[in-house]
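# Commentary on secondary and tertiary structure
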Amino acid sequence: MINNLVIVESPAKAKTIEKFLGKDFKVKSSMGHIRDLAKEDLGIDIKNNFKPRYIVPADKKKTVAELKESVKNSKTVWLASDEDREGEAIAWHLFEELKLSKENTKRIVFHEITKDAILHAIENYRGIDQNLVDAQQARRILDRMVGFEISPILWRKVKPSLSAGRVQSVAVRLIVEREREIINFKSTSAYRVNAIFEVHDRNNKVHQLKAELDERFSDHSKALEFLEKCKDATFTIADIVKKPAKKSPSPPFTTSTLQQEASRKLGFSVSQTMTVAQRLYEAGLITYMRTDSVNLSNTALTAAEEIISREFGKDYVNIRNYKTKSKGAQEAHEAIRPAYLSNPVIEGSTGEKRLYELIWKRTIASQMSDARLEKTTVTITVSGRKEKFIAEGEVMKFEGFLKVYLESSDDEAEEKGEVMLPPLENGTILSYMAISATERFTHYPPRYTEASLVKKLEELGIGRPSTYAPTISTIQQRGYVIKEERPGKERSYNIIQLERGKIKEVTNTEITGAEKGKLFPDNIGMVVNDFLVEHFSEILDFNFTASVEKEFDEIADGKANWTDMIKKFYQSFHKKVEDTLAKKEITKAERLLGNDPVSGKPVYARMARFGAVAQIGETSGEEKPKYAQLRKGQNIESVTLQEALDLFKLPRNLGSFENSEITVSTGRFGPYVLHQSRFYSLHKGVDDPYTIELDRAIVLIQEKREKDRNKVITVFKEDKELMVLNGRWGPYISHKKENYKIPRGTDPGSMTFEDCMKIVGNTPVKKKKRK
């Protein structure tokens, strides 16, 4: 008999908790949720007050059976799933499915997996909070409704195998709308004027003073005119202003800010951050990682004060209580912080060490003094002109929290360090060393990164800490959004230079528009977004999505009934679904680009079965139209007629090799070289089907042949379908289109026919997956 059975969600969490409990406690894992909504009816009986119907998935039945057996032999069951709504729902499902009784079941929650926190939770156990469970049920059912009812409409009206989601579709909309802003953006240029002046100190030592003009010139002629005036102008220091300034530390991490900062500083994706944070939490190293609060416990504040005083001195201590600014934040929770602030480093994987260090530094810095600076602004007049040059300097007087940590930003600009100005006095006449007017261009709004998208979703009140990572992962997995790098384009710009009384002009080039780790909408993402905005504008409305989150919060607080909320939503939503299905038209995602100058036929950019294509000719005509896939980075809305026509240059004939022609083209699985009826893939990111030459194509063919030769280790004459091969994950046996593992430590080159057949015979037959 087990005195106390503790059930948690994961084996890692169970292992950590078990270390802090005595022999009277046995800890088991439920491996996450043990029940799911019945899919055939969304788990909802509309006539029976929206009562959800849950089932145990096949892969969970063994776990449930084992837990039931353990419950039978236990005096008390402690449900210790996470403290958020998801965790409360898991506890409720365990209670219902394991048929637990209220008399011997206790619910415990803790914000960190430490001995003190767990013992405190056991002393302060409670029952299951049905309001939190109902809020989670409402979220799951509403999201399932939206997905299950809209997705079939997309299959019929747009393209098979598409899907929609309440929060995911709104995230896609943000990315699509930003892309359209970029497509429609018209860049303009202006001339920025910078000067380097010569300053002599009291010892006649020469210093440089860099300054920028307070106005920009809209065209070349005005910039040239100004520099002409500067030839004989007098430059005078008219004003020197010194002001104290300060920088304050950022609050401790919430889920959102951790995801953003880990992306900027560590290059982590949002899902990677949450995976690593989950491991740190389950190992008892940090507090719970799904939170929107910036509060720190009194214990943490005391520990931070002691560490800062000891390591940096009392002048660096400034204990703060932060207030959460995000919509719908729950102050009862605590910010993400190390469980033990006395440990600045930990053991673990590289990712775990880096993320932990980031959390430790941010937590400590949040309780440190402001950084104090002195900013100096110098105004330099130009005789005969109203424009002025401005020079700015900054000197650090006290580092404060900057000794430990500085938050990054999304503007991609590097942090400026100290800018020291030489000794200056009012009324000093300066002589210029060089003045230049450089042509600069306005830039389109920045595309979203994963970090900046999380920030935007939080600002709009869309989603909650637990939903950001799955939302961003889902829209990429569905192919609606692509995260990638794209090369920039070369652009020319002019520079007008004034040196030693002479003006000269030069033209330089720069790369503009290069993107790294940005989110781009795929063509199908844009098509689906447009369809949903047209037919389900309410679901895609930012305010609606945020208001739904508020309703979930009200349910969690016991201020609203979840079935009433679902009913109200479903009545209007389902009618909209039926009206949309009744419409006969199918969405045509196409755009007429113009006419082919050779054939005179119309040229379209449109969605086809396997992606976006250019099309020459009409589908309704007698002659079959020609198709070519759009290239990476091209989309239906912005591709030009000439770019579309260029796509039809494929297939290209590169020349002859071994008395056979080599052609290059592109297909469903990407670009390839064709030679003697065999296909050879081009290397992604290296080879371009529009520019590849014969020599490179021959290299690809020979590389593939060499790889194929090395693939075969042994072919047996007794049975030619039996082979020992080299694969991606090492040697294996192939027999009649089935693959078999070779036992570790076996030399694949010395295996006999009998050895291989023994492995084949002893391997259980795999069950065919039902479609």
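Below: a short report on this structure.

Bringing the overall build of the chain into the picture now. Across its full length, the chain carries 20 helices and 30 strands. Along the first, second and third principal axes, the C-alpha atoms of the chain reach 95 × 80 × 65 Å. The burial tally for the chain puts 47% of its 771 residues in the buried class. Contacts in the chain between residues far apart in sequence, at least 24 positions, make up 69% of those at least 6 positions apart. For the chain, the computed accessible surface area is about 41800 Å², with 48% contributed by carbon and sulfur atoms.

A separate point is empty space enclosed by the protein. Taken as a whole and assessed by the stated rule, the structure comprises 3 cavities of 30 Å³ or more. Approximately 60 Å³ is the volume found for the largest cavity. If you list the elements that add at least two residues to the lining of the largest cavity, you get helix 6 (166-183) and helix 14 (523-535). Sort the elements by how many residues they give to the lining of the largest cavity and helix 14 lands first, with 4 residues. Grouping the amino acids of the lining of the largest cavity by side-chain chemistry returns 6 nonpolar, 6 polar and 1 charged.

Right, let's get into the packing of helix 3 (residues 85-97) against helix 5 (residues 130-157). Two elements in contact, helix 3 and helix 5, have axes whose closest approach is 8 Å; the angle formed by their N-to-C orientations is 100°. Regarding the angle of helix 3 to helix 5, the classification is roughly perpendicular. Side by side, helix 3 and helix 5 meet where Arg85, Glu86, Glu88, Ala89, Trp92 and His93 of the first sit next to Gln130, Leu132, Val133, Ala135, Gln136, Gln137, Arg139 and Arg140 of the second. Class assignment for the residues of the contact of helix 3 with helix 5 results in 5 nonpolar, 4 polar and 5 charged.

This paragraph deals with the packing of aromatic side chains. A ring pair, where both rings are aromatic, is described by two values, the distance of the centres and the angle of the planes. Using the criterion set out here, one finds 17 aromatic pairs in the structure. Taking 6.0 Å as the distance between ring centres and 85° as the angle between the ring planes, the aromatic pair formed by Trp78 and Tyr125 counts as edge-to-face. One end of the pair, Trp78, is in strand 7 (residues 74-79); the other, Tyr125, is in the loop between helix 4 (115-123) and helix 5, and 47 residues separate them in sequence. Among the residues examined, Trp78 registers a relative accessible area of 5% and is labelled buried. Look at Phe235 and Tyr432: their rings are 6.1 Å apart centre to centre, the planes differ by 80°, and that puts the pair in the edge-to-face class. With Phe235 in strand 11 (residues 235-247) and Tyr432 in strand 14 (residues 429-441), the pair connects residues that are 197 residues apart, well separated along the chain. Residue Phe235 is classed as buried on the basis of its relative accessible area, which comes to 1%. Among the aromatic residues, ring-to-ring pairing joins Phe197, Phe217, Phe226, Phe235, Phe389 and Tyr432 into one connected group.

Within the fold, Thr105 resides in strand 8 (residues 105-107). Of note is the side chain of Thr105, whose polar atom sits 2.6 Å from the backbone oxygen of Ser101. If we ignore the near neighbours within four places in the chain, the residues touching Thr105 are Val77, Leu79, Phe95 and Leu100.

What follows concerns the sheet that holds strand 25 (residues 670-675). If you walk across this open sheet you meet the 4 strands as 23-24-25-26, and the pairing is antiparallel. The sheet is open, and its two edges are formed by strand 23 (652-657) and strand 26 (678-681), each paired on a single side. For this sheet, the mean angle separating the axes of adjacent strands, direction not counted, is 30°. Examined bridge by bridge, strand 25 and strand 26 share 4 bridges and lie antiparallel to one another. In the strand pairing of strand 26, His675 is matched with Arg678. Against the sheet, helix 19 (residues 694-711) touches strand 23, strand 24 (660-667), strand 25 and strand 26, its axis set at about 65° to strand 23.

So, about the pairing of strand 23. Note that strand 23 and strand 24 share 5 bridges and pair antiparallel. Bridging across to strand 24, Phe657 finds its partner in Ser660. Remark: 2 residues form the turn of the hairpin made by strand 23 and strand 24, two consecutive strands paired antiparallel; Glu658 in that turn has positive phi of roughly 55°.

The next thing to look at is the packing of helix 16 (residues 542-556) against helix 17 (residues 562-582). The description of two helices packed together rests on the angle between their axes and the distance between the axes. Relative orientation of the contacting elements helix 16 and helix 17 amounts to 160°, with a least axis distance of 10 Å. The orientation of helix 16 with respect to helix 17, classified from their angle, is roughly antiparallel. Across from Phe544, Val548, Glu551, Phe552 and Ile555 in helix 16, the residues of helix 17 making contact are Trp562, Met565 and Phe569. For the contact of helix 16 with helix 17, the per-class residue count stands at 7 nonpolar, no polar and 1 charged.

Here the amide bond leading from Leu650 into Pro651 is cis, since omega sits at 0°, within 30 degrees of zero. The phi dihedral of Glu658 is positive, around 55°, even though this residue is not glycine. Looking at the element boundaries, Glu658 is found in the loop between strand 23 and strand 24. Phi is positive for Gln676, which is not a glycine, with a value near 50°. Under the relative-accessibility criterion, Gln676 is labelled partly exposed at 42%.

It is worth spelling out the nonpolar core at this point. Core analysis: the biggest nonpolar cluster contains 142 residues, and Phe110 and Leu355 have the highest contact counts within it. Ranked by residues supplied to this core, first place goes to helix 5 with 11 residues. Not counting residues within four places of it along the chain, the set of residues in contact with Leu355 comprises Leu258, Ala262, Leu266, Phe268, Thr273, Val276, Ala277 and Leu280. Grouped together as the second largest cluster of nonpolar side chains are 27 residues, Leu213, Cys230, Ala233 and Phe389 included.

This part covers the sheet that holds strand 21 (residues 611-616). Spatially, 19-20-21-22 is the arrangement adopted by the 4 strands of the open sheet, whose pairing is antiparallel. The open sheet has two edge strands with one neighbour each: strand 19 (590-595) and strand 22 (626-629). For this sheet the average axis-to-axis angle between neighbouring strands, irrespective of direction, equals 25°. Inspection of the sheet shows strand 21 paired to strand 22 by 4 bridges, in the antiparallel sense. Bridging from a neighbouring strand, Gln615 pairs with Tyr627 of strand 22.

Here we come to the pattern of salt bridges. Taken as a whole, this structure holds 50 salt bridges when the rule is applied. Across the pair Arg85 and Asp553 runs a salt bridge, and its minimum N-O distance is 2.5 Å. Residue Arg85 is found in helix 3, and its partner Asp553 is found in helix 16; the two are separated by 468 residues along the sequence. Asp553 carries the same exposure label as Arg85, and that label is buried. One salt bridge connects Glu334 with Arg337, and the closest N-O pair in it is separated by 2.5 Å. Across this residue pair, the class does not change: Glu334 and Arg337 are buried.

Now for the pairing of strand 1 (residues 2-8). By the criterion of burial, strand 1 is predominantly enclosed, with 5 of the 7 residues buried. One ladder, built from 5 bridges, connects strand 1 with strand 7; its direction is parallel. Opposite Ile7, over in strand 7, you have Leu79 as the bridge partner. The pairing of strand 1 with strand 2 (residues 25-29) spans 5 bridges and is parallel. Each bridged residue has a counterpart across the sheet, and for Val8 the counterpart in strand 2 is Ser29.

Moving on to helix 2 (residues 61-72). Over its 12 residues, helix 2 runs 17 Å from end to end, which matches the ideal 16 Å to within 8%, given 1.5 Å per residue. When we look at burial in helix 2, the residues that qualify are Thr63, Val64, Leu67, Ser70 and Val71. For helix 2, the buried positions fall inside an angular range of 125° around the axis, keeping them on one side. Exposed side chains of helix 2 directed beyond 90 degrees from the buried face belong to Lys61, Lys62 and Lys72. In this structure, the buried residues of helix 2 make contact with strand 1, strand 2, strand 7 and helix 3.

About the cut-offs
Residues numbered from 1 in each chain as written. Predicted model: local features only at pLDDT ≥ 70, side-chain atom pairs only at ≥ 80, totals over all residues. Heavy atoms only, no water. Helix = DSSP H or I, 4+ residues; strand = E, 2+ residues; numbered from the N terminus. Buried < 20%, exposed > 50% of the residue type's maximum accessible area, 1.4 Å probe, protein only. Contact = heavy atoms within 4.5 Å. Areas by Shrake-Rupley, 256 points an atom, 1.4 Å probe, with all protein chains shown as cover. 1 Å grid on protein atoms, 1.4 Å probe; cavity = no way out; pocket = protein on both sides within 12 Å on 5 of 7 lines; lining within 4 Å. Points joined across faces, edges and corners; volume = space filled by probe spheres on them. Nonpolar A, V, L, I, M, F, W, Y, C, P; charged D, E, K, R; others polar. Axes fitted to C-alpha atoms, helices over the stretch in contact; angles between N-to-C directions. Parallel < 35°, antiparallel > 145°, perpendicular 65-115°, else oblique. Phe/Tyr/Trp six-rings, centres within 6.5 Å; stacked < 30°, edge-to-face > 60°. Polar contact = N/O pair within 3.5 Å; in protein donor to acceptor, adjacent residues only side chain to side chain. Pairing = 2+ DSSP bridges. Core = buried A, V, L, I, M, F, W, Y, C linked by side-chain atoms within 4.5 Å. Salt bridge = Lys/Arg side-chain N within 4 Å of Asp/Glu carboxyl O. Expected span 1.5 Å × (residues − 1). Arc of directions from axis to C-beta.

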